[in-house]
Number of protein chains: 2
Amino acid sequence: MADYEQLRLNNQLCFPLYVCAKEVVRKYKPLLDELDLTYTQYITMMAMWEHEQLSAKELGAILYLDSGTLTPVLKTLEKKGFVVRQRSKDDERSLILSLTPSGKNLQDKAASVPEAMMKCIDMSLDDLHTLHKLLHKFMDTSLK
Amino acid sequence: MADYEQLRLNNQLCFPLYVCAKEVVRKYKPLLDELDLTYTQYITMMAMWEHEQLSAKELGAILYLDSGTLTPVLKTLEKKGFVVRQRSKDDERSLILSLTPSGKNLQDKAASVPEAMMKCIDMSLDDLHTLHKLLHKFMDTSLK
DNA sequence: ACAAGATAAATTGTGCACAATTCAATTTTA
DNA sequence: TAAAATTGAATTGTGCACAATTTATCTTGT
């Protein structure tokens, strides 16, 4: 008689990962509403603030998102006036993304978001650091 | 001149959480295709295997999902013949969920999934255990 | 007993997320 | 160098995920 111990939700690694990710994104919502950004748009803008200019392909590699997801997100960000989409002169297949002044300015408003989020999280810095390190290890070793 | 250090993707906790969750669910896909289940349907079935019978409200509390998500998922699982949806006699508002024989049998096939997933994950058991513990701590302390 | 409030699902609308396919531009190769 | 293969975005279709609203049922207070 099998007890299927491995199939219990509490014994899964993926389930808490899935729940934490979802719920943290939900925590972001009221903060990001102030910036008129969804979470996906927010991480897209973070990548843009770091890189100033990059192709859609490079962006997808950074964010782990494919064109099916990014194409509509980028069109929305363009419509909001934060991002410019233009084809590369060198290679017409490539879509080059850059920030508008409005998109650059948004970084000032966004600067308070990480701090506000930290206030919601009631764990020691030590635990948070360990968690951060293990998630990156997980990404690097298991998500190829 | 601000350097916006806190806004860098690599310094965020949420971003690796979001990526790991997404990518792990993607890893599940070929395994769950064998069972004709999506990931959301899979965790729903896991909750059913554990509880045999429960209300939609209880299921939502277990899975951290609201009726907007669960209603269509449960209708799909009913259409696939794994789950029965019926109103409670005591309280017509409540939706009582139970497994069909086919839904129960599916547990046998599902039993190999956790093991197969573990083979994809190239981290020490120690690290996995720590990660698991920290995610639960995070859920318990920060997601109220 | 009945109106007012609370509760449980369902519905509606928006925005991802991804697989699979398509299309156009570029590169490779016979 | 022309056909074949590859590449980068866009498109199409399916399935969540959640906020907000609606509907039906139940509970509570008078």
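All chains use their own residue numbering, which begins from 1 and follows the written sequence. Each chain gets a letter, beginning with A, and each ligand a number, beginning with 1, in the order they are written. In keeping with the model being predicted, local features are shown solely for residues with a pLDDT of at least 70 and side-chain atom pairs are shown and tallied solely at 80 or more, while totals for entire chains, interfaces and linings include all residues. Heavy atoms throughout the structure, all of them, feed into the side-chain values; hydrogens and water do not.

Let's talk about the packing of helix H2 (residues 39-51) of chain A against helix H3 (residues 56-63) of chain A
All names here are of chain A.
- Between H2 and H3, the least distance of the axes is 10 Å, while the angle of their chain directions is 115 degrees. Classified by chirality, the crossing of H3 by H2 is right-handed. Facing H2, whose interface residues are Ile-43, Thr-44, Ala-47 and His-51, H3 presents Leu-59, Ile-62 and Leu-63.
- Each residue belonging to the contact of H2 with H3 can be placed in one class, and the counts come to five nonpolar, two polar and no charged. Orientation is described by axes fitted as lines to C-alpha atoms, over the contacting stretch for helices, and by angles from 0 to 180 degrees between their N-to-C directions. Strands are runs of DSSP state E lasting at least 2 residues, helices are runs of H or I lasting at least 4, and numbering of each runs from the N terminus. The handedness criterion is simple: a crossing whose near helix is rotated anticlockwise from the far helix by less than a right angle is left-handed, and one whose near helix is rotated clockwise is right-handed. Contacts are assigned to residue pairs with any non-hydrogen atoms lying within 4.5 Å of each other. Note on residue classes: Ala, Val, Leu, Ile, Met, Phe, Trp, Tyr, Cys and Pro are nonpolar, Asp, Glu, Lys and Arg are charged, and everything else, Gly too, is polar.

Quick word on the side chain of Asp-127 of chain A
- With respect to the secondary-structure elements, Asp-127 of chain A resides in helix H7 (residues 125-142).
- Asp-127 of chain A has contacts with Leu-134 and Lys-137 of chain B, leaving out every residue within four places of it along the chain.

A short note on the interface of chain A and chain B
- Taken together, the contact pairs 59 residues of chain A with 59 residues of chain B.
- As used here, buried area is the combined drop in accessible area, with a 1.4 Å probe, of two parts when they are placed together. Summed over both partners, the interface of chain A with chain B buries about 5,800 Å², with 72% contributed by carbon and sulfur atoms.
- Basic side-chain nitrogens of Lys or Arg form a salt bridge, by our definition, when they fall within 4 Å of a carboxyl oxygen of Asp or Glu. For the pair chain A and chain B, the interface holds four salt bridges.
- Note that Arg-8 of chain A is salt-bridged to Glu-50 of chain B, the shortest N-O span being 3.9 Å.
- A 3.5 Å cut-off defines polar contacts: any pair of N or O atoms within that distance qualifies, except that in protein one atom must be a possible hydrogen donor and the other a possible acceptor, and neighbouring residues in sequence count only when both atoms are side-chain atoms. Where chain A touches chain B, the interface holds 16 residue pairs in polar contact (both at pLDDT 80 or more).
- Put simply, the parts of the chain that give the side of chain A that touches chain B at least two residues each are helix H1 (14-33), H2, H3, helix H5 (101-110), helix H6 (113-120) and H7 of chain A.
- In terms of residues, the side of chain A that touches chain B owes the most to one element, H1 of chain A, which gives 14 residues.

Observations concerning the relation of the copies chain A and chain B
- With an RMSD of 0.0 Å, chain A superimposes on chain B once it is rotated by 180 degrees and translated 0.0 Å along the axis. Between the two chains, the operation in question is that of a two-fold axis.
- In this assembly the copies share their binding face: 100% of the residues contributing to the interface of chain A also contribute to that of chain B. The copies are overlaid by a least-squares fit using only the C-alpha atoms of residues whose pLDDT is at least 70 in both copies.

Quick word on the pattern of salt bridges
Residues and elements named next belong to chain A.
- All told, the structure shown has 18 salt bridges over all chains when counted by the stated rule.
- Between Glu-78 and Arg-85 there is a salt bridge whose closest N-O contact spans 3.3 Å.
- Partly exposed residues are those whose accessible area sits between 20% and 50% of the maximum for their type, while under 20% is buried and over 50% is exposed, using a 1.4 Å probe and protein chains only. By relative accessible area, which is 23% here, Arg-85 ends up partly exposed.
- A single salt-bridge network, built from bridges that share partners, covers Lys-22, Glu-23 and Arg-26.

Digging into the protein's contact with DNA strand D
- In the region of DNA strand D, 29 residues are neighbours, and Tyr-18, Ser-67 and Arg-85 of chain A together with Thr-38 and Glu-92 of chain B sit closest.
- We call a residue near a given molecule or strand whenever any one of its heavy atoms falls within 4 Å of it. Sugar and phosphate atoms constitute 79% of the interface atoms of DNA strand D, taking the interface as everything within 4 Å of the protein.
- Contact distances for DNA strand D include 2.9 Å between a phosphate oxygen and a side-chain N or O atom of Lys-57 of chain A.
- Here a base nitrogen of DNA strand D sits 2.8 Å away from a polar atom, N or O, in the side chain of Ser-67 of chain A.

A closer look at the packing of aromatic side chains
Residue and element names in this part refer to chain B.
- Two rings belonging to Phe, Tyr or Trp (six-membered ring only in the last case) form a pair when the distance between their centres is within 6.5 Å. Interplanar angles under 30 degrees mark stacking, angles over 60 mark edge-to-face geometry, and anything in between is tilted. Applying the stated criterion across every chain, the model contains 10 aromatic pairs over all chains.
- Ring centres 5.6 Å apart and planes at 45 degrees place the aromatic pair Tyr-28 and Tyr-42 in the tilted group. Placement of Tyr-28 in helix H1 (residues 14-33) and of Tyr-42 in helix H2 (residues 39-51) is noted, with a sequence separation of 14 residues between them.
- Residue Tyr-28 is classed as buried on the basis of its relative accessible area of 3%.
- For Tyr-42, a relative accessible area of 0% gives the class buried.

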